[in-house]
Amino acid sequence: MNNQDKQLAQVMDLFTTLLDERRSQERLEPIAPAVPPEVLLDELSLELPVQGLSLDGVAARLRAVIEATPSTAPGRFYNQLFGGRETFAVLGDVLASALNNSMYTFKVAGPQVLLENELIERMGKLMGYQDHEGTFTPGGSLSNLCAMVVARDHAFPEFREQGMNGSKLRVYMSTHAHYSVPKAAAILGIGRANIVRIPVDKRGRMLAPALARAIDEDVEAGYLPLMVNATAGTTVLGAFDPIEQLADICESRNLWLHLDGAFGATLVFDERFQAEFAGSERVDSITWDAHKLMGVPLSCSVLLLRERGRLQASFDEVAGYLFQTEDDHWNPGTRSIQCGRRNDALKLWTNWLHHGTAGYRARTERMRDLALLAADCVREAPELTLVKEPESLTVCFTAEGAPAESLCEALQDAGLAMVGHATVEGESVVRLALVDPGTQKEQVRCFFEDVRDVMRSRAIA
Ligand SMILES: Cc1ncc(COP(=O)(O)O)c(C=O)c1O
(Lines give C-alpha, C1' and ligand atoms only; values in the text may rest on other atoms or scores of the structure.)
Protein backbone atom coordinates (compact mmCIF):
# COMPACT_ATOMS: atom_id res chain seq x y z
CA MET A 1 0.00 0.00 0.00
CA ASN A 2 1.41 3.39 -0.88
CA ASN A 3 0.96 6.35 1.44
CA GLN A 4 -2.08 7.72 -0.32
CA ASP A 5 -3.82 4.32 -0.23
CA LYS A 6 -3.02 3.99 3.45
CA GLN A 7 -4.42 7.43 4.17
CA LEU A 8 -7.57 6.71 2.18
CA ALA A 9 -8.12 3.48 4.12
CA GLN A 10 -7.68 5.37 7.40
CA VAL A 11 -10.02 8.12 6.30
CA MET A 12 -12.68 5.59 5.23
CA ASP A 13 -12.31 3.94 8.64
CA LEU A 14 -12.76 7.30 10.28
CA PHE A 15 -15.85 7.96 8.12
CA THR A 16 -17.43 4.68 9.28
CA THR A 17 -16.50 5.32 12.91
CA LEU A 18 -17.90 8.85 12.92
CA LEU A 19 -21.10 7.72 11.24
CA ASP A 20 -21.52 4.84 13.71
CA GLU A 21 -20.99 7.24 16.59
CA ARG A 22 -23.54 9.62 15.14
CA ARG A 23 -26.10 6.84 14.84
CA SER A 24 -25.56 5.75 18.45
CA GLN A 25 -25.90 9.36 19.54
CA GLU A 26 -29.14 9.63 17.54
CA ARG A 27 -30.49 6.52 19.21
CA LEU A 28 -29.81 7.97 22.67
CA GLU A 29 -30.71 11.55 21.93
CA PRO A 30 -32.54 11.81 18.57
CA ILE A 31 -33.20 15.50 18.95
CA ALA A 32 -30.66 17.44 20.96
CA PRO A 33 -31.73 20.68 22.63
CA ALA A 34 -30.75 23.76 20.65
CA VAL A 35 -27.41 25.28 21.67
CA PRO A 36 -26.95 29.00 20.94
CA PRO A 37 -24.19 29.91 18.48
CA GLU A 38 -22.27 31.92 21.13
CA VAL A 39 -22.02 28.82 23.32
CA LEU A 40 -20.86 26.66 20.41
CA LEU A 41 -18.26 29.24 19.42
CA ASP A 42 -16.96 29.02 22.95
CA GLU A 43 -17.01 25.26 23.17
CA LEU A 44 -15.74 24.18 19.76
CA SER A 45 -12.27 24.72 18.36
CA LEU A 46 -13.15 26.01 14.93
CA GLU A 47 -10.11 28.18 14.28
CA LEU A 48 -7.94 27.08 11.37
CA PRO A 49 -4.42 26.02 12.41
CA VAL A 50 -1.20 27.25 10.84
CA GLN A 51 0.28 23.75 10.89
CA GLY A 52 -1.88 20.89 9.68
CA LEU A 53 -3.25 18.38 12.17
CA SER A 54 -2.68 14.64 12.29
CA LEU A 55 -5.54 12.26 11.52
CA ASP A 56 -6.29 12.01 15.24
CA GLY A 57 -6.32 15.79 15.58
CA VAL A 58 -8.70 16.15 12.63
CA ALA A 59 -10.87 13.32 14.00
CA ALA A 60 -11.16 15.01 17.41
CA ARG A 61 -12.24 18.32 15.88
CA LEU A 62 -14.70 16.62 13.52
CA ARG A 63 -16.16 14.51 16.31
CA ALA A 64 -16.90 17.59 18.43
CA VAL A 65 -18.54 19.38 15.49
CA ILE A 66 -20.64 16.36 14.52
CA GLU A 67 -21.82 15.84 18.09
CA ALA A 68 -23.06 19.42 18.17
CA THR A 69 -24.72 19.23 14.73
CA PRO A 70 -28.53 18.84 14.73
CA SER A 71 -29.69 15.47 13.51
CA THR A 72 -31.88 15.29 10.42
CA ALA A 73 -32.08 11.50 10.45
CA PRO A 74 -35.37 9.58 10.22
CA GLY A 75 -37.94 9.36 12.94
CA ARG A 76 -38.09 12.68 14.68
CA PHE A 77 -37.07 15.32 12.17
CA TYR A 78 -40.21 16.88 10.66
CA ASN A 79 -38.92 20.41 10.38
CA GLN A 80 -38.27 20.94 6.69
CA LEU A 81 -38.94 19.40 3.32
CA PHE A 82 -35.90 17.12 3.28
CA GLY A 83 -34.60 14.46 5.57
CA GLY A 84 -33.26 10.97 5.91
CA ARG A 85 -29.93 9.35 5.26
CA GLU A 86 -30.10 6.78 2.53
CA THR A 87 -27.13 4.49 2.13
CA PHE A 88 -27.05 4.25 -1.66
CA ALA A 89 -27.54 7.97 -2.09
CA VAL A 90 -24.68 8.64 0.31
CA LEU A 91 -22.55 6.15 -1.62
CA GLY A 92 -23.18 8.04 -4.87
CA ASP A 93 -22.51 11.36 -3.14
CA VAL A 94 -19.25 10.26 -1.59
CA LEU A 95 -18.10 8.76 -4.89
CA ALA A 96 -18.97 11.97 -6.74
CA SER A 97 -16.70 13.85 -4.32
CA ALA A 98 -13.93 11.29 -4.59
CA LEU A 99 -14.05 11.16 -8.40
CA ASN A 100 -14.22 14.96 -8.59
CA ASN A 101 -15.40 15.53 -12.14
CA SER A 102 -16.82 18.82 -13.26
CA MET A 103 -20.06 18.40 -15.17
CA TYR A 104 -19.40 20.93 -17.91
CA THR A 105 -17.96 18.74 -20.63
CA PHE A 106 -18.05 15.14 -21.72
CA LYS A 107 -14.26 15.38 -21.91
CA VAL A 108 -13.89 15.66 -18.13
CA ALA A 109 -17.06 13.91 -16.92
CA GLY A 110 -17.55 11.12 -19.49
CA PRO A 111 -20.33 8.71 -18.53
CA GLN A 112 -21.41 10.97 -15.67
CA VAL A 113 -22.87 13.24 -18.36
CA LEU A 114 -24.70 10.28 -19.86
CA LEU A 115 -26.26 9.19 -16.59
CA GLU A 116 -27.23 12.78 -15.86
CA ASN A 117 -28.97 12.81 -19.26
CA GLU A 118 -30.72 9.55 -18.44
CA LEU A 119 -32.15 11.16 -15.29
CA ILE A 120 -33.27 14.28 -17.17
CA GLU A 121 -34.83 12.09 -19.85
CA ARG A 122 -36.69 9.94 -17.35
CA MET A 123 -37.87 12.78 -15.12
CA GLY A 124 -39.14 14.76 -18.11
CA LYS A 125 -41.03 11.72 -19.43
CA LEU A 126 -42.67 11.30 -16.04
CA MET A 127 -43.95 14.86 -16.43
CA GLY A 128 -45.32 14.07 -19.89
CA TYR A 129 -42.58 15.82 -21.88
CA GLN A 130 -41.52 14.25 -25.20
CA ASP A 131 -38.46 16.00 -26.56
CA HIS A 132 -37.20 18.00 -23.63
CA GLU A 133 -33.95 19.07 -22.04
CA GLY A 134 -32.81 19.91 -18.54
CA THR A 135 -30.05 20.89 -16.22
CA PHE A 136 -29.07 20.06 -12.66
CA THR A 137 -28.75 22.98 -10.26
CA PRO A 138 -27.83 23.31 -6.58
CA GLY A 139 -31.44 23.71 -5.47
CA GLY A 140 -34.99 24.72 -6.24
CA SER A 141 -34.23 28.40 -5.80
CA LEU A 142 -31.58 28.20 -8.51
CA SER A 143 -33.85 26.13 -10.77
CA ASN A 144 -36.57 28.74 -10.40
CA LEU A 145 -34.06 31.50 -11.11
CA CYS A 146 -32.87 29.73 -14.26
CA ALA A 147 -36.46 29.23 -15.38
CA MET A 148 -37.05 32.96 -15.00
CA VAL A 149 -33.94 33.71 -17.06
CA VAL A 150 -35.17 31.43 -19.85
CA ALA A 151 -38.67 32.91 -19.68
CA ARG A 152 -37.20 36.42 -19.88
CA ASP A 153 -35.11 35.51 -22.92
CA HIS A 154 -38.10 33.87 -24.55
CA ALA A 155 -40.16 37.04 -24.14
CA PHE A 156 -37.29 39.41 -24.93
CA PRO A 157 -34.61 37.74 -27.07
CA GLU A 158 -32.56 40.97 -27.07
CA PHE A 159 -32.54 41.23 -23.25
CA ARG A 160 -29.54 38.97 -22.82
CA GLU A 161 -27.37 41.08 -25.07
CA GLN A 162 -28.70 44.55 -24.44
CA GLY A 163 -29.80 44.38 -20.82
CA MET A 164 -32.81 46.19 -19.42
CA ASN A 165 -34.69 48.35 -21.90
CA GLY A 166 -36.99 49.99 -19.42
CA SER A 167 -39.87 47.57 -19.98
CA LYS A 168 -42.07 47.16 -16.97
CA LEU A 169 -42.04 43.39 -16.54
CA ARG A 170 -44.41 41.34 -14.43
CA VAL A 171 -44.19 37.87 -12.91
CA TYR A 172 -47.24 36.17 -11.40
CA MET A 173 -47.39 33.68 -8.57
CA SER A 174 -49.86 32.74 -5.87
CA THR A 175 -49.71 34.24 -2.40
CA HIS A 176 -48.47 30.81 -1.24
CA ALA A 177 -45.59 30.47 -3.72
CA HIS A 178 -42.00 30.17 -2.57
CA TYR A 179 -39.85 33.20 -1.76
CA SER A 180 -37.26 32.17 -4.33
CA VAL A 181 -39.50 33.69 -7.02
CA PRO A 182 -39.34 37.31 -5.77
CA LYS A 183 -35.69 36.72 -4.95
CA ALA A 184 -35.02 35.73 -8.56
CA ALA A 185 -36.97 38.78 -9.76
CA ALA A 186 -34.70 40.97 -7.63
CA ILE A 187 -31.54 39.29 -8.93
CA LEU A 188 -32.63 39.61 -12.55
CA GLY A 189 -33.45 43.28 -12.28
CA ILE A 190 -37.17 42.66 -12.76
CA GLY A 191 -37.81 43.97 -9.27
CA ARG A 192 -39.62 42.38 -6.36
CA ALA A 193 -42.35 44.99 -6.69
CA ASN A 194 -43.19 43.50 -10.09
CA ILE A 195 -44.21 40.19 -8.59
CA VAL A 196 -47.98 40.02 -8.66
CA ARG A 197 -49.41 37.84 -5.92
CA ILE A 198 -52.58 36.06 -6.96
CA PRO A 199 -55.04 34.98 -4.25
CA VAL A 200 -55.70 31.32 -3.50
CA ASP A 201 -58.79 29.27 -2.77
CA LYS A 202 -59.53 27.61 0.58
CA ARG A 203 -57.17 24.76 -0.28
CA GLY A 204 -54.28 27.08 -1.11
CA ARG A 205 -54.51 26.77 -4.92
CA MET A 206 -54.05 29.76 -7.18
CA LEU A 207 -57.35 31.23 -8.40
CA ALA A 208 -57.14 31.04 -12.18
CA PRO A 209 -59.78 33.72 -12.94
CA ALA A 210 -57.93 36.16 -10.65
CA LEU A 211 -54.73 35.41 -12.56
CA ALA A 212 -56.35 36.07 -15.93
CA ARG A 213 -57.78 39.35 -14.64
CA ALA A 214 -54.45 40.48 -13.19
CA ILE A 215 -52.59 39.78 -16.43
CA ASP A 216 -55.14 41.56 -18.59
CA GLU A 217 -55.23 44.60 -16.31
CA ASP A 218 -51.45 44.77 -16.36
CA VAL A 219 -51.36 44.65 -20.15
CA GLU A 220 -53.91 47.46 -20.23
CA ALA A 221 -51.67 49.45 -17.88
CA GLY A 222 -48.63 48.98 -20.11
CA TYR A 223 -46.84 46.19 -18.25
CA LEU A 224 -45.24 43.27 -20.05
CA PRO A 225 -46.11 39.92 -18.47
CA LEU A 226 -43.10 37.62 -18.41
CA MET A 227 -43.94 34.45 -16.58
CA VAL A 228 -46.51 32.71 -14.42
CA ASN A 229 -45.08 30.63 -11.62
CA ALA A 230 -47.40 27.78 -10.68
CA THR A 231 -46.56 25.57 -7.72
CA ALA A 232 -46.81 21.80 -7.42
CA GLY A 233 -46.66 21.38 -3.66
CA THR A 234 -46.66 24.72 -1.88
CA THR A 235 -44.17 25.02 0.94
CA VAL A 236 -46.64 25.18 3.81
CA LEU A 237 -49.90 23.56 2.69
CA GLY A 238 -48.42 21.30 0.00
CA ALA A 239 -51.11 22.47 -2.44
CA PHE A 240 -51.10 22.12 -6.22
CA ASP A 241 -52.10 25.01 -8.46
CA PRO A 242 -54.56 24.04 -11.24
CA ILE A 243 -52.14 23.43 -14.10
CA GLU A 244 -54.67 22.95 -16.94
CA GLN A 245 -56.49 26.18 -16.14
CA LEU A 246 -53.24 28.12 -15.85
CA ALA A 247 -51.94 26.59 -19.09
CA ASP A 248 -55.11 27.74 -20.92
CA ILE A 249 -54.53 31.28 -19.65
CA CYS A 250 -50.85 31.30 -20.54
CA GLU A 251 -51.19 29.68 -23.96
CA SER A 252 -53.84 32.13 -25.07
CA ARG A 253 -51.54 35.00 -24.06
CA ASN A 254 -48.27 33.44 -25.23
CA LEU A 255 -46.96 33.63 -21.68
CA TRP A 256 -44.34 31.36 -20.10
CA LEU A 257 -45.74 28.94 -17.54
CA HIS A 258 -43.26 27.59 -15.02
CA LEU A 259 -44.16 24.84 -12.57
CA ASP A 260 -42.27 25.01 -9.31
CA GLY A 261 -42.36 21.39 -8.23
CA ALA A 262 -39.34 21.72 -5.96
CA PHE A 263 -41.36 20.10 -3.21
CA GLY A 264 -44.17 18.21 -4.94
CA ALA A 265 -42.86 16.99 -8.30
CA THR A 266 -41.79 13.64 -6.85
CA LEU A 267 -45.45 12.91 -6.06
CA VAL A 268 -45.88 12.24 -9.77
CA PHE A 269 -44.92 8.67 -8.83
CA ASP A 270 -48.13 8.32 -6.81
CA GLU A 271 -51.15 7.50 -9.02
CA ARG A 272 -53.37 9.29 -6.52
CA PHE A 273 -51.83 12.60 -7.66
CA GLN A 274 -52.61 12.08 -11.35
CA ALA A 275 -55.28 14.80 -11.34
CA GLU A 276 -52.88 17.30 -9.75
CA PHE A 277 -50.34 16.73 -12.53
CA ALA A 278 -52.89 16.86 -15.37
CA GLY A 279 -51.50 19.32 -17.91
CA SER A 280 -47.88 19.12 -16.71
CA GLU A 281 -46.85 18.33 -20.31
CA ARG A 282 -48.14 21.80 -21.29
CA VAL A 283 -45.97 23.86 -18.92
CA ASP A 284 -42.80 25.39 -20.33
CA SER A 285 -40.48 24.49 -17.48
CA ILE A 286 -40.48 22.49 -14.27
CA THR A 287 -38.38 22.64 -11.11
CA TRP A 288 -37.95 19.28 -9.40
CA ASP A 289 -35.86 18.95 -6.24
CA ALA A 290 -34.54 15.43 -5.79
CA HIS A 291 -33.08 16.44 -2.43
CA LYS A 292 -36.52 16.91 -0.99
CA LEU A 293 -38.49 13.71 -1.57
CA MET A 294 -36.15 11.40 -3.47
CA GLY A 295 -33.94 10.57 -0.54
CA VAL A 296 -30.70 12.08 -1.82
CA PRO A 297 -28.57 14.44 0.24
CA LEU A 298 -28.58 18.16 -0.43
CA SER A 299 -28.18 19.45 -2.94
CA CYS A 300 -29.81 18.03 -6.05
CA SER A 301 -32.35 19.87 -8.16
CA VAL A 302 -33.37 19.54 -11.80
CA LEU A 303 -34.83 22.14 -14.12
CA LEU A 304 -36.72 20.59 -17.04
CA LEU A 305 -37.56 22.50 -20.22
CA ARG A 306 -40.33 21.36 -22.54
CA GLU A 307 -38.44 22.47 -25.66
CA ARG A 308 -34.85 21.74 -26.50
CA GLY A 309 -32.56 24.67 -27.18
CA ARG A 310 -33.96 27.03 -24.55
CA LEU A 311 -31.14 26.52 -22.05
CA GLN A 312 -28.43 27.04 -24.61
CA ALA A 313 -30.14 30.19 -25.85
CA SER A 314 -29.92 31.62 -22.33
CA PHE A 315 -26.73 30.20 -20.85
CA ASP A 316 -24.28 29.42 -23.63
CA GLU A 317 -21.04 31.39 -23.72
CA VAL A 318 -17.97 31.18 -25.90
CA ALA A 319 -15.05 29.58 -24.06
CA GLY A 320 -12.54 28.12 -26.45
CA TYR A 321 -10.42 26.73 -23.62
CA LEU A 322 -13.36 24.68 -22.36
CA PHE A 323 -15.87 23.78 -25.04
CA GLN A 324 -13.75 22.23 -27.72
CA THR A 325 -16.03 19.95 -29.68
CA GLU A 326 -17.95 20.71 -32.86
CA ASP A 327 -21.21 19.77 -31.27
CA ASP A 328 -22.09 20.82 -27.72
CA HIS A 329 -24.75 18.19 -27.31
CA TRP A 330 -22.63 16.29 -24.78
CA ASN A 331 -21.35 19.42 -23.03
CA PRO A 332 -23.91 20.34 -20.35
CA GLY A 333 -21.83 23.40 -19.44
CA THR A 334 -23.32 25.18 -22.44
CA ARG A 335 -26.75 24.80 -20.85
CA SER A 336 -25.93 25.60 -17.23
CA ILE A 337 -25.85 28.70 -15.05
CA GLN A 338 -22.61 27.39 -13.56
CA CYS A 339 -19.16 26.82 -15.00
CA GLY A 340 -17.56 24.26 -12.69
CA ARG A 341 -20.43 22.11 -11.52
CA ARG A 342 -20.55 19.37 -8.93
CA ASN A 343 -21.82 15.96 -9.97
CA ASP A 344 -25.19 15.86 -8.21
CA ALA A 345 -26.57 13.28 -10.62
CA LEU A 346 -24.56 10.28 -9.44
CA LYS A 347 -26.23 10.06 -6.03
CA LEU A 348 -29.70 10.24 -7.56
CA TRP A 349 -28.83 7.68 -10.22
CA THR A 350 -27.32 5.35 -7.58
CA ASN A 351 -30.35 5.67 -5.33
CA TRP A 352 -32.73 5.13 -8.27
CA LEU A 353 -30.75 2.03 -9.28
CA HIS A 354 -31.26 0.72 -5.78
CA HIS A 355 -34.97 1.53 -5.40
CA GLY A 356 -36.05 1.19 -9.02
CA THR A 357 -38.96 3.19 -10.35
CA ALA A 358 -41.33 0.79 -8.58
CA GLY A 359 -39.49 1.46 -5.34
CA TYR A 360 -39.85 5.20 -5.79
CA ARG A 361 -43.56 4.73 -6.41
CA ALA A 362 -43.96 2.70 -3.23
CA ARG A 363 -41.92 5.19 -1.15
CA THR A 364 -43.93 8.12 -2.40
CA GLU A 365 -47.18 6.36 -1.61
CA ARG A 366 -45.86 5.58 1.86
CA MET A 367 -45.12 9.26 2.50
CA ARG A 368 -48.64 10.23 1.48
CA ASP A 369 -50.08 7.50 3.72
CA LEU A 370 -48.05 8.89 6.62
CA ALA A 371 -49.53 12.34 6.03
CA LEU A 372 -53.04 10.89 5.95
CA LEU A 373 -52.32 8.99 9.16
CA ALA A 374 -51.04 12.17 10.79
CA ALA A 375 -54.24 13.98 9.82
CA ASP A 376 -56.25 11.15 11.43
CA CYS A 377 -54.16 11.46 14.59
CA VAL A 378 -54.95 15.19 14.76
CA ARG A 379 -58.65 14.52 14.25
CA GLU A 380 -58.62 11.95 17.05
CA ALA A 381 -57.03 14.34 19.55
CA PRO A 382 -59.67 16.64 21.09
CA GLU A 383 -57.09 19.29 22.00
CA LEU A 384 -55.71 19.51 18.43
CA THR A 385 -57.30 21.08 15.35
CA LEU A 386 -56.51 20.23 11.76
CA VAL A 387 -56.10 23.52 9.92
CA LYS A 388 -56.74 21.95 6.49
CA GLU A 389 -56.98 18.48 5.04
CA PRO A 390 -53.40 17.73 3.92
CA GLU A 391 -53.03 18.46 0.22
CA SER A 392 -49.90 16.34 0.00
CA LEU A 393 -47.24 15.72 2.66
CA THR A 394 -47.54 18.56 5.14
CA VAL A 395 -50.02 18.49 7.99
CA CYS A 396 -50.84 21.79 9.64
CA PHE A 397 -52.53 21.87 13.02
CA THR A 398 -53.04 24.02 16.07
CA ALA A 399 -53.11 22.99 19.73
CA GLU A 400 -55.58 24.39 22.24
CA GLY A 401 -53.87 26.78 24.62
CA ALA A 402 -50.41 26.15 23.15
CA PRO A 403 -49.06 28.65 20.60
CA ALA A 404 -47.37 26.81 17.72
CA GLU A 405 -43.99 28.46 18.34
CA SER A 406 -43.92 27.43 22.00
CA LEU A 407 -45.09 23.91 21.24
CA CYS A 408 -42.34 23.39 18.64
CA GLU A 409 -39.76 24.75 21.06
CA ALA A 410 -41.00 22.56 23.92
CA LEU A 411 -40.86 19.45 21.71
CA GLN A 412 -37.27 20.19 20.79
CA ASP A 413 -36.23 21.08 24.34
CA ALA A 414 -37.64 17.78 25.53
CA GLY A 415 -35.61 15.99 22.84
CA LEU A 416 -38.77 14.60 21.26
CA ALA A 417 -39.03 16.10 17.80
CA MET A 418 -37.86 18.91 15.57
CA VAL A 419 -40.84 20.43 13.82
CA GLY A 420 -41.52 23.90 12.46
CA HIS A 421 -44.30 26.41 12.51
CA ALA A 422 -45.78 28.62 9.81
CA THR A 423 -48.60 31.06 9.29
CA VAL A 424 -51.81 30.00 7.55
CA GLU A 425 -54.51 32.61 6.99
CA GLY A 426 -53.01 34.77 9.71
CA GLU A 427 -52.86 31.96 12.25
CA SER A 428 -49.68 30.44 13.58
CA VAL A 429 -49.75 26.65 13.03
CA VAL A 430 -47.48 23.67 13.50
CA ARG A 431 -46.37 22.35 10.10
CA LEU A 432 -45.49 18.70 10.26
CA ALA A 433 -43.58 17.61 7.14
CA LEU A 434 -43.88 13.88 6.42
CA VAL A 435 -41.18 13.70 3.79
CA ASP A 436 -39.10 10.81 4.99
CA PRO A 437 -40.34 7.37 3.88
CA GLY A 438 -38.11 5.87 6.58
CA THR A 439 -40.55 7.19 9.19
CA GLN A 440 -42.64 4.40 10.72
CA LYS A 441 -46.37 4.72 11.34
CA GLU A 442 -45.69 4.10 15.01
CA GLN A 443 -43.36 7.11 15.06
CA VAL A 444 -46.13 9.33 13.69
CA ARG A 445 -48.51 8.13 16.39
CA CYS A 446 -45.76 8.61 18.95
CA PHE A 447 -45.23 12.20 17.72
CA PHE A 448 -48.82 13.06 18.59
CA GLU A 449 -48.58 11.36 21.96
CA ASP A 450 -45.49 13.47 22.60
CA VAL A 451 -47.36 16.61 21.56
CA ARG A 452 -50.15 15.82 24.00
CA ASP A 453 -47.69 14.90 26.78
CA VAL A 454 -45.78 18.12 26.30
CA MET A 455 -49.02 20.09 26.36
CA ARG A 456 -50.07 18.38 29.59
CA SER A 457 -46.76 18.47 31.40
CA ARG A 458 -45.48 21.89 30.52
CA ALA A 459 -46.74 25.34 30.96
CA ILE A 460 -46.54 26.52 27.38
CA ALA A 461 -46.63 30.26 27.21
C1 LIG B 1 -42.18 25.26 -3.44
C2 LIG B 1 -40.71 25.48 -3.22
N3 LIG B 1 -39.97 26.02 -4.20
C4 LIG B 1 -38.66 26.25 -4.07
C5 LIG B 1 -38.01 25.92 -2.90
C6 LIG B 1 -36.55 26.20 -2.77
O7 LIG B 1 -35.84 25.02 -2.87
P8 LIG B 1 -34.32 24.94 -2.37
O9 LIG B 1 -34.38 24.94 -0.88
O10 LIG B 1 -33.86 23.64 -2.94
O11 LIG B 1 -33.61 26.12 -2.92
C12 LIG B 1 -38.73 25.35 -1.85
C13 LIG B 1 -38.07 25.01 -0.58
O14 LIG B 1 -38.65 24.56 0.35
C15 LIG B 1 -40.12 25.13 -2.01
O16 LIG B 1 -40.87 24.61 -1.03
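Rules of the game
- Residues numbered from 1 in each chain as written.
- Predicted model: local features only at pLDDT ≥ 70, side-chain atom pairs only at ≥ 80, totals over all residues.
- Heavy atoms only, no water.
- Helix = DSSP H or I, 4+ residues; strand = E, 2+ residues; numbered from the N terminus.
- Contact = heavy atoms within 4.5 Å.
- 1 Å grid on protein atoms, 1.4 Å probe; cavity = no way out; pocket = protein on both sides within 12 Å on 5 of 7 lines; lining within 4 Å.
- Points joined across faces, edges and corners; volume = space filled by probe spheres on them.
- Nonpolar A, V, L, I, M, F, W, Y, C, P; charged D, E, K, R; others polar.
- Pairing = 2+ DSSP bridges.
- Axes fitted to C-alpha atoms, helices over the stretch in contact; angles between N-to-C directions.
- Domains from an automatic or database assignment.
- Buried area = accessible area lost by both parts, 1.4 Å probe.
- Disulfide = S-S within 2.5 Å.
- Buried < 20%, exposed > 50% of the residue type's maximum accessible area, 1.4 Å probe, protein only.
- Near = heavy atom within 4 Å.
- Polar contact = N/O pair within 3.5 Å; in protein donor to acceptor, adjacent residues only side chain to side chain.
- Areas by Shrake-Rupley, 256 points an atom, 1.4 Å probe, with all protein chains shown as cover.
- Parallel < 35°, antiparallel > 145°, perpendicular 65-115°, else oblique.
- Left-handed = near helix turned anticlockwise from the far one by under 90°.

## Details of the environment of Phe 263
For Phe 263, the position within the fold is in the loop between strand 6 (256–261) and helix 12 (274–277). Along the sequence, Phe 263 and Ala 68 sit 195 residues apart, while their C-alpha atoms lie 28 Å from each other. Leave out the neighbours within four places in its chain, and Phe 263 touches Leu 81, Ala 232, Gly 233, Thr 234, Gly 238, Lys 292, Leu 293, Ser 392, Leu 393, Thr 394 and Val 435.

## Details of empty space enclosed by the protein
Under the counting rule described, the total for this entry stands at one cavity of 30 Å³ or more. Every residue lining the largest cavity is listed: Gly 83, Gly 84, Glu 86, Lys 292, Leu 293, Met 294, Gly 295, Arg 363, Val 435, Asp 436 and Pro 437. When grouped by side-chain class, the residues that make up the lining of the largest cavity number four nonpolar, three polar and four charged.

## Observations regarding the sheet that holds strand 3 (residues 169–174)
Pairing is mixed in the open sheet, where seven strands are placed in the order 2-8-7-6-5-3-4. Both edges of this open sheet fall to strand 2 (133–137) and strand 4 (195–198), since each of them pairs with a single strand only. Strand-to-strand, the axes of this sheet are offset by a mean angle of 20 degrees, without reference to chain direction. In this sheet, strand 8 (residues 301–305) lies alongside strand 7 (residues 285–289) in antiparallel orientation, the contact comprising five bridges. Looking across to strand 8, one finds that Asp 289 is bridged to Ser 301. The strands touched by helix 9 (residues 180–187) are strand 3, strand 4 and strand 5 (224–231); relative to strand 4, the strand with the most contacts, the crossing angle is about 165 degrees.

## Considerations on the domain arrangement of the protein chain
What the domain assignment lists for the protein chain is domain 1 (102–342) and domain 2 (351–457). Placing the centre of domain 1 and that of domain 2 at their C-alpha centroids yields a distance of 29 Å. Listed by partner, the interface residues are 24 residues for domain 1 and 23 residues for domain 2. Contact between domain 1 and domain 2 buries roughly 2,200 Å² in total, counting both sides, with carbon and sulfur atoms accounting for 62%. By the criterion of area lost to domain 2, the three top residues of domain 1 are Val 236, Leu 237 and Phe 269, representing 28% of everything that side buries.

## What about the state of the cysteines?
Under the defined criterion, the tally for this structure stands at zero disulfides. Of all cysteine sulfurs, the one in Cys 300 lies closest to Cys 146, which takes part in no disulfide; the gap is 14 Å. Judged by relative accessible area, Cys 146 falls into the buried class, the value being 1%. The thiol sulfur of Cys 250 is not disulfide-bonded, and the nearest other cysteine sulfur, from Cys 146, lies at 20 Å.

## Concerning the site of the ligand
Near the ligand you find 15 residues, and of these Gly 140, Ser 141, Thr 235, Asp 260 and Asp 289 are the closest. At a separation of 2.8 Å, an oxygen atom of the ligand approaches a polar side-chain atom of Thr 235. Interatomic distance of 2.7 Å between a side-chain N/O atom of Asp 289 and an oxygen atom of the ligand. When isolated, the ligand has an accessible area of 390 Å², and the protein chains bury 84% of it. Secondary structure elements with two or more residues in the shell around the ligand: helix 7 (140–155) and helix 13 (290–293). The dominant element in the shell around the ligand, judged by the number of residues it contributes, is helix 7, at three residues. Its residues placed into classes, the shell around the ligand shows two nonpolar, ten polar and three charged.

## So, the sheet that holds strand 1 (residues 77–78)
An order of 1-11-12-10-9 is seen for the five strands of this open sheet, with the pairing classed as mixed. Pairing within the sheet leaves two strands with one partner each, and these edge strands are strand 1 and strand 9 (384–386). Bridge count for strand 1 against strand 11 (residues 418–424) is two bridges, and the pairing is parallel. Bridging across to strand 11, Phe 77 finds its partner in Met 418. Against the sheet, helix 16 (residues 404–413) makes contact with strand 10 (394–399), strand 11 and strand 12 (427–433), and its axis sits at roughly 175 degrees relative to strand 11, the strand it touches most.

## Quick notes on the pairing of strand 10
Where burial is concerned, most of strand 10 is hidden: six out of the six residues are buried. A two-sided burial pattern is seen for strand 10, the buried positions comprising Thr 394, Cys 396 and Thr 398 on one face and Val 395, Phe 397 and Ala 399 on the other. Across three bridges, the pairing between strand 9 and strand 10 is antiparallel. Residue pairing in the sheet places Thr 385 in a bridge with Thr 398 of strand 10.

## Some remarks on the environment of Ala 184
The residue Ala 184 is located in helix 9 in this model. A residue is classified by how much of its surface remains accessible, and Ala 184, at 2% relative accessible area, is buried. Spatially, the C-alpha atom of Ala 184 lies 9.5 Å from that of Ala 147, the residues being 37 residues apart in sequence. Apart from residues no more than four positions distant in its own chain, Ala 184 is found in contact with Leu 145 and Met 148.

## A word on the packing of helix 6 (residues 111–126) against helix 15 (residues 345–380)
Any two packed helices are characterised by the angle at which their axes cross and by the distance between the axes. The interhelical angle for the contact between helix 6 and helix 15, taken along N-to-C directions, is 55 degrees, at an axis separation of 9 Å. In terms of axis orientation, helix 6 runs oblique to helix 15. Here helix 6 and helix 15 pass one another in a crossing that is left-handed. Two secondary-structure elements touch here, helix 6 through Gln 112, Leu 115, Glu 116, Leu 119, Arg 122, Met 123 and Leu 126 and helix 15 through Ala 345, Leu 346, Leu 348, Trp 349, Trp 352 and Thr 357. In terms of residue class, the contact of helix 6 with helix 15 is made up of nine nonpolar, two polar and two charged.

## Some details on the packing of helix 15 against helix 17 (residues 441–457)
As a packed pair, helix 15 and helix 17 sit with axes 10 Å apart at the nearest point and diverge in direction by 30 degrees. By the criterion of interaxial angle, the relationship of helix 15 to helix 17 is roughly parallel. Relative to helix 17, the crossing made by helix 15 is right-handed. Judged by residue contacts, Leu 370, Leu 373, Ala 374, Cys 377 and Val 378 of helix 15 engage Lys 441, Val 444, Arg 445 and Phe 448 from helix 17. Residue composition of the contact of helix 15 with helix 17, by class: seven nonpolar, no polar and two charged.

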